[in-house]
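Here is what each chain is made of, one letter per residue.
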Amino acid sequence: AKKSGRNRHAWFDHSMERELQTRNELESGLRSAIPRGEIVPYFEQQIDLQSGRLHGFEVLARWDHPTRGLISPELFIPIAEETGMIAEMSLSIMHQAFSAARDWHPSLNLSVNISPWQLRDAWLAQKIIKVLTETGFPASRLEIEITESALFDNLALAQSIVGRLKNQGARLALDDFGTGYSSLAHLRALPFDRIKIDKSFVISLNESADSAAIVNAIVSLGESLNLPITAEGVEDAAIEARLKALGCAKAQGWHYGKPLSPAAVRKFLAERRLLVQH
Ligand code: C2E
Ligand code: CA
Ligand code: CA
Ligand code: CA
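Quick caveat: nothing in here was measured; it's all calculated off a predicted structure.

About the cut-offs
- Residues numbered from 1 in each chain as written.
- Chains lettered and ligands numbered in written order.
- Predicted model: local features only at pLDDT ≥ 70, side-chain atom pairs only at ≥ 80, totals over all residues.
- Heavy atoms only, no water.
- Donors = N, O, S within 2.8 Å, 3.2 Å for Na, K, Ca; no water.
- Helix = DSSP H or I, 4+ residues; strand = E, 2+ residues; numbered from the N terminus.
- Buried < 20%, exposed > 50% of the residue type's maximum accessible area, 1.4 Å probe, protein only.
- Near = heavy atom within 4 Å.
- Polar contact = N/O pair within 3.5 Å; in protein donor to acceptor, adjacent residues only side chain to side chain.
- Areas by Shrake-Rupley, 256 points an atom, 1.4 Å probe, with all protein chains shown as cover.
- Expected span 1.5 Å × (residues − 1).
- Arc of directions from axis to C-beta.
- Contact = heavy atoms within 4.5 Å.

## Notes on the coordination of the calcium ion (ligand 2)
And step 1. The protein atoms that coordinate the calcium ion (ligand 2) are E58 (OE), N113 (OD1), E145 (OE) and D175 (OD), at distances spanning 2.2 to 2.4 Å.
And step 2. When the donors of the calcium ion (ligand 2) are listed by position in the chain, the intervening gaps give E-x54-N-x31-E-x29-D.
And step 3. If you look at the calcium ion (ligand 2) and the calcium ion (ligand 3), they sit 3.9 Å from each other and are both ligated by D175. Taken as a pair, E58 in strand β2 (residues 54-65) and N113 in strand β4 (residues 109-114) lie far apart in primary sequence, 55 residues in all.
And step 4. Under the relative-accessibility criterion, E58 is labelled buried at 5%.

Given below as structure tokens:
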């Protein structure tokens, strides 16, 4: 696999002092970034492996900073979570992403990431449904991705939130599967429709026998539980071929291209005649 291209984001000096200063700067900057529209969705292709067709996109947050350039969600999502800004930010990203999808071909789907923190908000489902209604994006084309990390201090509330969303037709995916502990217990906690294999196993699939065994086991598990598998972090054709042979349902990763800005995704779809006129 290729070396991961982490350098596409702005990275900062790693000395502690600088880091603290940056963290304070990021936190105060983030507060105004949301109303200014600087937190934007990028779109990563999701491919149906067996047909080779475009299934849709995963929505990935970016901070389009006026002086620092694109800032990675790995830097600002944790801050947004700790400060409670994640709720507003997430709804803003969804609003932008669903609006962008208004003139996309109706076969195209969207996956959005929900922080476990958001599952403490008893009104989360209603808020998401409101954004769907406002933008006209059908819940049946929406998948919600949840990570198992720090999952659900209030399981009953999380269950009721995802129950409401699923009643509208949305689907639920367990993200980063294999990375936390008690992954299997979490599979039973919520009504998941899909498992996403973490990219750490996929990237090393053809180089590490252990990774191959783990991916194999997850695909078999998915088959037994009737849960299709999405592999993330597909960086080359050899890995794609291996996943396809294993019976993996969907794939995403840099092999298909880097995540696209809203303008770039429009151009991409127009070239493939996947935009519709209203
Ligand atoms: P994730 O949900 O596991 O997303 C996959 C990450 O892997 C993305 O990084 C994506 O750009 C990267 N990636 C995709 N293909 C490849 C590949 O072939 N090779 C390698 N090495 N990496 C690949 P990104 O966009 O930096 O996102 C990082 C994390 O930030 C996400 O991990 C997700 O946990 C979080 N995140 C992003 N957007 C949101 C959001 O809107 N809300 C929440 N709550 N979290 C978000
Ligand atoms: Ca994800
Ligand atoms: Ca993931
Ligand atoms: Ca992740």
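## Some details on the site of ligand 1
And step 1. Around ligand 1, the structure places 26 residues, and the nearest of them are E44, A61, R62, E235 and W254.
And step 2. A distance of 3.0 Å separates a nitrogen atom of ligand 1 from a polar backbone atom of A61.
And step 3. With respect to ligand 1, the side chain of D176 contributes an N or O atom lying 3.2 Å from an oxygen atom.
And step 4. Protein contact buries 93% of the 800 Å² of open area that ligand 1 shows by itself.
And step 5. At the level of elements, β2, α2 (73-82), β6 (171-177) and α7 (199-203) are the ones that each hand at least two residues to the shell around ligand 1.
And step 6. Among the elements that line the shell around ligand 1, the one with the most residues is β2, at 4 residues.

## Here we look at helix α8 (residues 209-225)
Structurally, the α-helix is built with 3.6 residues per turn, so residues lying three or four positions apart point the same way.
And step 1. Here α8 contains 17 residues, and its C-alpha end-to-end distance of 24 Å stays within 8% of the 24 Å for a straight helix at 1.5 Å per residue.
And step 2. Those residues of α8 that fall on the buried side of the exposure criterion are S211, A212, V215, I218, V219 and G222. Taken around the axis of α8, the buried residues stretch over an arc of 130°, which confines them to a single face. Among the exposed residues of α8, those oriented more than 90 degrees off its buried face are A209, D210 and S224.
And step 3. Taken together, the buried residues of α8 touch β6, β7 (194-197), α7, β8 (229-231) and α9 (237-246).
And step 4. If you check the start of α8, you find a side-chain oxygen 3.3 Å away from the backbone N of D210, and it comes from S208.

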